[in-house]
Amino acid sequence: MENNVLIDLKNICVSFGDDQILKSINLYIRDGEFLTLLGPSGCGKTTTLRVIAGFQSPDTGDVVFEGKRINDVPAHKRQVNTIFQRYALFPHLNVYDNIAFGLRIKKEKENVIAERVTEMLSLVNLKGFERRAVSSLSGGQQQRVAIARALAVRPKVLLLDEPLGALDLKLRKDMQVELKKIQQSLGITFIYVTHDQEEALSMSDTIVVMDNGVIQQIGSPTDIYNEPKNAFVADFIGESNIVDGVMLKDCVVEFSGHRFECLDKGFAENEDVDVVVRPEDVDVVATDKGMLKGIVTSVTFKGVHYEIIVDIGGFKWMIQTTDKQDVGDKIGLFIEPDAIHIMKKSEYSGKYGDFSSFSEEFDELSQPDLVAEDSEDEN
Amino acid sequence: MKTKKPFFSAKNLTVAPYTVWMTLFVLIPIGLVVYFAFTDSTGSFTLENLTYIKKYAGTFWLSVELAFVSTVLCLLLAYPMAYIISKMPANKQGSVILLVMLPMWMNFLIRTYAWMTILENNGIINRFIGMLADLIHVEFNGFEMINTNGAIVLGMVYNYLPYMILPIYTVLTKIDNSLIEAARDLGSDSVQIFGRIVFPLSIPGVISGITMVFVPAVSTFIISYLLGGGKTYLIGNVIENYFLGSSGAINYNVGAALSLLLMVMIVVSMGIMNHFDKDSEASGGGIIV
């Protein structure tokens, strides 16, 4: 993709009272890319979106659009449009009038409007719904109307604030594919906010991982997954075993009492590091062939694979394997050099990546909650 | 196959107090009004009472006129006020709404008497202006404020304003802020947001406000009695006179007939108004007739 920057956020800080929501955000967004702001509740991703939309003015820092500073340009004069979390369709207007709203504000001729509305309705697969009241539509249909309404005014950028959060899983998967298709066919920039890492990985060109008002990592989905910068990113994107290690020299790391070959370089000799090993990258072998040995403490059948928890010297690893193991089995583990990823120590070291407290129920409880997200981000 | 429900079922018992209440205080009184309206003093059926409407057509019309003017004035005052309150920080809204309701905690009659002392020929306003006039040596004979239609309208607006502010305020605060942001996002400036989103969505509140002001205003007799000084006679005063007037004037049958006609007129006009509100039924807030 050519290097044409469309939006540039420079040192954006936002506080609500004593709460610092955004701490010096620096981010540029290229024309035509699908960029996702990903993070847990209250990480500042929605606030970032609102700064771009013009609903939130930053305390300090600049918002630059096509090379011009637009801090003082009000929301209704910006060439960006938003899909709101709960769609925000106008309840007193029907589907047609909702989609035509922005065009009527622009004082387009009625025949132009009719043409555009028809075009938008076919884009979102809602032909024939013109005269329906929005309250009679299902969640998925309302979502499509919201998309059509925002796209009807031909924005340069579409901002999407957890647009699929209220839909059920199946519909969500379909809409993911459809949104990506729409983005590609129109060639406009999408800035997408979500707390769902799978959604982010499958749709985005670029992912921005945020936590606590700070950007943790910016990169392509594969970069973010394979080369997480710190324990937070490694844990938030997929499952990770994160153990303390020592970088003995380039390409040699020691952890869990064993020396491993790896591919990482550029650390100081004997530097303390965090080591990430993805559960699917560990091979289960006989104990005498394993680099590490451990005892299976829990086995869960997941359909495609078994998820087993292995106790290795007191540290619980999660391993995904297609071979069935039994609780109490002694097994050996084999890890390839390219399965090991080394990270510098950070404030997040030691907080994530240990599965000793792991249980299905616990995992569900700690899922970011949509309702909580609302109240935190909209203050 | 139907099973007979026991008379003392839990459902019947919980509904019973309301049924008794409604029967005693709504159905029976209305039944009595209807009975008196269609009978003469001997108790035999007649339509003659209804013909009195001709005699009081002018009074009817004046009552509607004054109530209409008061309702419009209330709306013009209340809407901006409700809008401003709904835009205030959430923690201040409560105390301002309390201030709006505060006068309602005082007796209606006392408040209206207070207006008499303010508006009288010898009242506070005239005396104050007279003092100023004395200072600059101009002759001042006092404005005639009390006992005018203007005073009655003022009394109605003053007394019924909170009933207009509250429903409009309630509807305005219920409008989801994301709708306003969505309209702004689509290019609307503040005027367009108001005209295309906020006002249309607040119509149910406006309708119930109009209902709550117009209905008591058109049938009032106390305000016109105290501030109109007997010079302005409204339909409420006519009806009152038939029930509570001097012994020679008392005629329950005519009074009931006029009350019935007033009631029918109010129900019909509310029905017409709710018709306009049909589209926004879902948003609630309107009074259904």
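Fair warning: this is a prediction, and the values are worked out from it, not measured in the lab.

## Observations concerning the interface of chain A and chain B
- Contacts between the two partners involve 21 residues from chain A, matched on the other side by 16 residues from chain B.
- Taken over both partners, the interface formed by chain A and chain B buries close to 1800 Å², and the fraction arising from carbon and sulfur atoms is 64%.
- Of all residues in chain A, the largest losses of buried area upon contact with chain B belong to A:His76, A:His92 and A:Ile105, amounting jointly to 33% of the total for that side.
- Linking B:Glu181 and A:Arg50 is a salt bridge whose minimum nitrogen-to-oxygen distance equals 2.7 Å.
- Only strand 6 (80–83), helix 2 (95–105) and helix 4 (139–152) of chain A provide two or more residues apiece to the side of chain A that touches chain B.

## What to know about the environment of B:Asn241
Residues and elements named next belong to chain B.
- Counting through the fold element by element, asparagine 241 comes out in helix 11 (residues 235–244).
- For asparagine 241, a relative accessible area of 30% corresponds to the partly exposed category.
- In this structure the C-alpha to C-alpha distance between asparagine 241 and asparagine 251, which are 10 residues apart in sequence, comes to 8.7 Å.
- Residues in contact with asparagine 241, not counting those within four places in the same chain, are Tyr233 and Ala249.

## Description of the pairing of strand 2 (residues 19–30) of chain A
Residue and element names in this part refer to chain A.
- Across eight bridges, the pairing between strand 1 (residues 5–16) and strand 2 is antiparallel. The residue bridging isoleucine 12 from the neighbouring strand is isoleucine 25, located in strand 2.
- If you look at the hairpin formed by strand 1 and strand 2, you'll find two residues sitting between the two strands, and glycine 17 has a positive phi there, around 65°.

## Focus: the domain arrangement of chain A
Residue and element names in this part refer to chain A.
- We note that the domain assignment places domain 1 (5–226) and domain 2 (231–370) within chain A.
- Centre-to-centre, using C-alpha coordinates, domain 1 lies 36 Å away from domain 2.
- Across the contact, 19 residues belong to domain 1 and 12 residues belong to domain 2.
- Summing both partners gives a buried area of about 1400 Å² for domain 1 against domain 2, and 65% of it is carried by carbon and sulfur.
- Applying the counting rule to domain 1 against domain 2 returns zero salt bridges.

## Overview of the packing of aromatic side chains
Residues and elements named next belong to chain A.
- If you walk through the whole model with that rule in mind, you get 26 aromatic pairs over all chains.
- Between phenylalanine 34 and tyrosine 192, the ring centres sit 5.6 Å apart and the planes meet at 35°, which makes this aromatic pair tilted. Of this pair, phenylalanine 34 sits in strand 3 (residues 34–38) while tyrosine 192 sits in strand 8 (residues 189–194), placing them 158 residues apart in sequence.
- A relative accessible area of 0% means that tyrosine 192 is categorised as buried.
- The rings of Phe232, Phe236, Tyr348 and Tyr352 are connected pair by pair, giving a single aromatic cluster.
- Here the basic side chain of arginine 131 rests over the ring of tyrosine 96, its NZ or CZ set 4.9 Å away from the ring centre.
- The ring centre of tyrosine 225 lies 4.0 Å from the NZ or CZ of arginine 278, which sits over that ring.

## A look at the environment of B:Gly187
- Within the fold, B:Gly187 resides in the loop between helix 8 (177–185) and helix 9 (190–219).
- With 43 residues separating them in the primary sequence, B:Gly187 and B:Glu144 have C-alpha atoms 52 Å apart.
- Setting aside residues up to four positions removed in sequence, B:Gly187 forms contacts with A:His76, A:Ile105 and B:Gln192.

## Points about the side chain of B:Glu181
- Mapped onto the fold, B:Glu181 is located in helix 8.
- Accessibility expressed as a relative area gives 10% for B:Glu181, which makes it buried.
- Contact partners of B:Glu181, with chain neighbours within four places excluded, come to A:Arg50, A:Phe55 and A:Phe84.

## What to know about the nonpolar core
- By size, the foremost hydrophobic cluster in this structure holds 133 residues, and its most contacted members are A:Ile7, A:Phe90, A:Ile99 and A:Ile191.
- The element best represented in this core is helix 7 (residues 149–174) of chain B, accounting for 12 residues.
- Residues A:Leu292, A:Ile319, A:Leu333 and A:Ile335 belong to the second largest nonpolar core, which totals 26 residues.

## Let's talk about the sheet that holds strand 13 (residues 258–261) of chain A
Residues and elements named next belong to chain A.
- Taken together, the five strands give an open sheet; going across it, the order is 13-12-11-14-20, and neighbouring strands pair in antiparallel fashion. The outermost strands of the open sheet, each flanked by one partner alone, are strand 13 and strand 20 (340–344). Ignoring strand direction, the axes of neighbouring strands in this sheet form an average angle of 40°.

## Section: the pairing of strand 3 of chain A
All names here are of chain A.
- Most of strand 3 is tucked away, with five of its five residues classed as buried.
- Both faces of strand 3 are covered, namely the face carrying Phe34, Thr36 and Leu38 and the face carrying Leu35 and Leu37.
- In this structure, strand 3 lies alongside strand 8, joined through five bridges in parallel fashion. By the bridge assignment for strand 8, threonine 36 is matched with tyrosine 192.

## Section: the sheet that holds strand 15 (residues 282–285) of chain A
Residue and element names in this part refer to chain A.
- Read from one edge of the open sheet, five strands run 15-19-16-17-18, paired in antiparallel fashion. Two strands in the sheet have a free side with no partner beyond their single neighbour: strand 15 and strand 18 (315–321). The sheet shows a mean angle of 45° between the axes of neighbouring strands, taken without regard to direction.
- By the bridge criterion, seven bridges tie strand 17 (residues 306–312) to strand 18 in an arrangement that is antiparallel. Paired with glutamate 307 across the bridge in strand 18 is glutamine 320.

## Details of the state of the cysteines
Residues and elements named next belong to chain A.
- Within the structure shown, the criterion is met by zero disulfides over all chains.
- Take cysteine 43: it sits in no disulfide, and the sulfur closest to it among the cysteines is that of cysteine 13, at 16 Å.
- On the basis of relative accessible area, cysteine 43 is assigned to the buried category, the value being 1%.
- Cysteine 251 takes part in no disulfide bond, and the closest cysteine sulfur to it belongs to cysteine 262, at a distance of 5.7 Å.
- Exposure remark for cysteine 251: the relative accessible area of 23% places this residue in the partly exposed category.

## Thoughts on the packing of helix 2 of chain A against helix 9 of chain B
- Packing of helix 2 of chain A against helix 9 of chain B leaves a shortest axis separation of 12 Å and a crossing angle of 155°. With respect to each other, helix 2 of chain A and helix 9 of chain B are oriented roughly antiparallel. Here helix 2 of chain A and helix 9 of chain B pass one another in a crossing that is right-handed. Facing A:Phe101, A:Arg104 and A:Ile105 of helix 2 of chain A, the residues of helix 9 of chain B in contact are B:Gln192, B:Arg196 and B:Ile197.

Reading guide: rules and limits
Residues numbered from 1 in each chain as written. Chains lettered and ligands numbered in written order. Predicted model: local features only at pLDDT ≥ 70, side-chain atom pairs only at ≥ 80, totals over all residues. Heavy atoms only, no water. Contact = heavy atoms within 4.5 Å. Buried area = accessible area lost by both parts, 1.4 Å probe. Salt bridge = Lys/Arg side-chain N within 4 Å of Asp/Glu carboxyl O. Helix = DSSP H or I, 4+ residues; strand = E, 2+ residues; numbered from the N terminus. Buried < 20%, exposed > 50% of the residue type's maximum accessible area, 1.4 Å probe, protein only. Pairing = 2+ DSSP bridges. Domains from an automatic or database assignment. Phe/Tyr/Trp six-rings, centres within 6.5 Å; stacked < 30°, edge-to-face > 60°. Lys NZ or Arg CZ within 6 Å of the ring centre and 35° of its normal. Core = buried A, V, L, I, M, F, W, Y, C linked by side-chain atoms within 4.5 Å. Axes fitted to C-alpha atoms, helices over the stretch in contact; angles between N-to-C directions. Disulfide = S-S within 2.5 Å. Parallel < 35°, antiparallel > 145°, perpendicular 65-115°, else oblique. Left-handed = near helix turned anticlockwise from the far one by under 90°.

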